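These are the residues of each chain, in order.
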Amino acid sequence: MVCAAKVASLAIVMAAVHGMEAHAETDKGDVAAGPIPQGTAPPGVIVSPDDPDEIVVTAARRGEAEVPAETEFGEGEIASRGADSIQDLLTRLAPFIDGSGEEPVILINGKPAGFDRSILSYPAEALDRLAVLKPEAAALYGERAGKRVVNLVLKKKFAMLNADAGADFATAGGRYGGTLSIRRTAISGDTRWNAQARVGADSAFRKTARSLPRQDGVFDSVGFISVPGGGEIDPSLSLAAGERVTAAAIPAGAQTGAPRLDDFAATAGDLHPVDPSRFETLQSSRRNAALGIGVTRPLGDFSVALNLDASRSSSDGLRGLPMASVVIPAGHPWSPFAGDVVLTRPFAGERALRADNGATSLGASLTLTGNIRGWQTSVAASYARSWADNFLESGVDIARAQQLIDDRDPAFNPYGLWDEGLMIATRTRTKGENLSARLNVRKAVIDLPAGPLTWNLTANTGRNRTQNRESDASGNLIASNSVTRNQSSGLMSLSIPISRGGGTGPGWLGDLTVDLTANAHAMTNSRLQKGFGGNISWSPWPVLQLRGGIDYADAAPSFDQLDGPIVTTINRMFDYARQEIAEPVWITGGNPNLKRGRRQSLAFSATVRPLGNQILTLNFGYRQSVAKGGLAAFPELTPAIEAAFPERVTRDAAGRLVAVDARAINLARDTNADLSTGVALRLALGGGEGRSETAGDPLQLNLSLNHGKRLKSELLTRPGVPVIDQLRAGGQSRHSLSFQASIGRRGIGGTLSGNWSSPGRLRGGDEVFVFKPPLKLNLSAFIEPDRIFAVPGRKGLMSGLKLSVDINDLLNGYRRVTREDGTVPAGYSRDEIEPLGRVVRLTVRKKF
């Protein structure tokens, strides 16, 4: 009878286990029946050694990662955020994922995403849960220490077709835009696919939309003649006009033939002044379109993901009305006057200088994941092609026009339509091609008392080819080059469990894990670069997690930093050297002269959960880093930076700022040290106890507050020059605060977020400027009317509809800049610093 009871118990247990495996919704269960003899329990069944009648059945949840979650967001919390896509959700959850804002490593159902980026366009409703893994997960999945890893667990069955329409506008006027998109998503177990098409456009933000100082100079839409130094043009002209003439417009007939004195007499005194601000944009008009398709399905014991994407973007900016002044000497075939006259004219009526950019890209990726003889394996490959076109007009070639007049070229009419070749312009066309591959393998190689020792190897290889061609306005070649680079890298890591609380061995230590990493990187025309690091994670008690890490690595520039397409735009900025607003040509893109550097960092952090769960979390951190010869974006152009990089700055004969080469640079040394603290509170209000989905639909309340203190920030641009203390004289803030508060449930919710920084001081020449950043608040809210107001069992127009509103810069603040005496320098009025101001976006989404 006892044996029969045991057999029956075992049958019940096995049925429970199989049932749990068959249903993704089941997480953990306990089934009690008759006793089972020790040693006969199947996998997933634990028999208590103290009481053989006690049987515990466990089953791993679907999509679980190999590293436990530090923070987890369930379906209800995800729904309360009102995110339209997984990418949008990650942005909204950023304060709870990584305070640094760095993009996390993505897992899909516990497996590395590889090059599969289409998952980010899936609707947030496709998620069953989102888990932020413990920091030691980065080494296990072949990433550098310190990166956060997010596991996206998809629902087992899901399908959605939706269309979105959005419109945004500046509340002060002058700028508006919109987007349209349609998306289809389907998930059936391990098979899923997603397709999305999106188009968008933004209007040009013209200078006339704000109260800004107009550009200096004379601007006339037709053109006129005068004399050098001013005064009467010609007594004969004054006699013909019946008055003293000091200026006369270009006659209409002068477009086709040499004008006579009487023609100018008819236009005596006529001028056609225009506001130059009409021909300048603060932000270019933009258009973009994108198409993405992703398919994932099982292939034997593996899972294969194929992604295809295409995108096109363009922008058109205006740089002002191009004017030219040339001298037509006496006796010239095109001049009826006795003396020299000055012709002041626009290049072509009201045609403005252009600053246009366009980019097109096509890409494909293939990712294969599975298990090969106990090795968890991920293989990924990607191919991408890109085309970029940059066109920038900077003014009229006055010297050439004057030469044509002086040479009395019979084909050149100074009053007529000028050839485009007289426009000073550059066009840069770039073609890029990239082929990349990635292999990641990992396996538990040794069973230690505290758990398995896991070995991980990641290998990357890539080939990048870039072709650049620069020409003038007539299409004549200025320069061209073609660069091909090969790059390979490898990272090896060991995850060594030292102790496990409650387990065998020295469990009194709690949970203690050591991660060791070593990496190497090689690129064409560069020596082998090496790096290593170590991290310790220790949890002496469940409420406390301590971490420490050290990292040392050679830093090499990426393909984009070396060979990215050159982009020239106009950047409105304050010139500290001349104490005035300047609009220089701003050059960005690849810099093939970048060298490698070295970087070392040390970090410590502590996480405290005083309540023993995810309701309340306290974070503390310290980090210091030293980069020697490291890579950095071009900093703000202060007198100290200009003195360190004089070859990057171009000024005219009068000292006015003309151009800045703002491509990436190498710094001699960059030293930083920071303290960070944070608190996160997550509550489910109402709907029963606990955070489970069975608690109904509770109101989700989430709060986060993070504080950062910059202890040290010193910059040595080049050997032999003074060190720049960026906290005392570089304009950096010592303190920063950010917060986020959200409340909502399925169908309705809102989020208020904000950030603030303490004042900073910047020494510009003999002046000291005080920067006072504003408190910037952003507000977002959404509602699904059918969930809130619909009658059960009845579908109407509101079914599947979601309305969202997002307000950026709620308080319409701006960074105030003053001198030490409190006066505001020229160029730092409200509209000059932050002309766009508050922006509101309205979005309507319909599910079909």
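**Remarks on the nonpolar core**
Core analysis: the largest hydrophobic core is formed by 30 residues, its most contacted members being Ile225, Ile233, Tyr415 and Trp418. Those elements that provide at least two residues to this core are helix 7 (261-266), strand 17 (323-328), strand 18 (341-346), strand 20 (375-396), helix 8 (398-406) and strand 21 (423-448). Among the elements that make up this core, the one with the highest residue count is strand 17 (three residues). Residues contacting Ile225, with those up to four places away along its chain left out, are Ile233, Thr246, Ala247, Ala248, Phe264, Phe337, Val342, Leu343 and Tyr415.

**A closer look at the pattern of salt bridges**
Under the counting rule described, the total for this entry stands at 43 salt bridges. Taking the shortest distance from any N to any O, the salt bridge between Asp128 and Arg129 comes out at 3.2 Å. Between Asp661 and Arg648 there is a salt bridge, with its nearest N and O atoms 3.6 Å apart. With Asp661 in strand 35 (residues 657-661) and Arg648 in the loop between helix 10 (639-644) and strand 34 (649-651), this pair connects stretches of sequence that are 13 residues apart. You can call Arg648 buried: its relative accessible area is 9%. Among the charged side chains, a network of salt bridges with common partners joins Arg61, Glu64, Glu72, Asp128 and Arg129.

**Quick look at the environment of Ala553**
Within the element layout of this structure, Ala553 appears in strand 26 (residues 544-555). Given the relative accessible area of 6%, Ala553 is considered buried. Separated by 47 residues in sequence, Ala553 and Gln600 place their C-alpha atoms 6.4 Å apart. Other than its neighbours up to four places away in sequence, Ala553 contacts Lys530, Gly531, Gly597, Arg598 and Arg599.

**A word on the sheet that holds strand 6 (residues 127-133)**
The sheet built from five strands is open, its strands ordered 3-6-7-4-5 with mixed pairing. Strands at the two margins of the open sheet, each flanked by one partner only, are strand 3 (69-74) and strand 5 (111-112). In the sheet, strand 6 pairs with strand 7 (residues 149-154) via five bridges, with the strands oriented antiparallel. Across the sheet, residue Val132 finds its bridge partner in strand 7, namely Val150.

**Structural notes on the sheet that holds strand 18**
On the basis of which strands lie adjacent, the open sheet formed by four strands has the order 13-12-18-17 and antiparallel pairing. Where the open sheet ends on each side, the last strands, each with one partner, are strand 13 (248-249) and strand 17. Note: strand 17 against strand 18, six bridges, orientation antiparallel. From the neighbouring strand, Ser325 faces strand 18, where its bridge partner is Thr344.

**Looking at the pairing of strand 15 (residues 285-299)**
Across 11 bridges, the pairing between strand 10 (residues 191-202) and strand 15 is antiparallel. Bridged to Trp193 within strand 15 is Val295. In terms of strand pairing, strand 15 meets strand 16 (residues 302-318) through 15 bridges, oriented antiparallel. Across the sheet, residue Arg297 finds its bridge partner in strand 16, namely Val304. Between strand 15 and the antiparallel strand that follows it, strand 16, lie two residues; Gly300 among them carries a positive phi value of about 65°.

Each value, and the rule that gives it
Residues numbered from 1 in each chain as written. Predicted model: local features only at pLDDT ≥ 70, side-chain atom pairs only at ≥ 80, totals over all residues. Heavy atoms only, no water. Core = buried A, V, L, I, M, F, W, Y, C linked by side-chain atoms within 4.5 Å. Buried < 20%, exposed > 50% of the residue type's maximum accessible area, 1.4 Å probe, protein only. Helix = DSSP H or I, 4+ residues; strand = E, 2+ residues; numbered from the N terminus. Contact = heavy atoms within 4.5 Å. Salt bridge = Lys/Arg side-chain N within 4 Å of Asp/Glu carboxyl O. Pairing = 2+ DSSP bridges.

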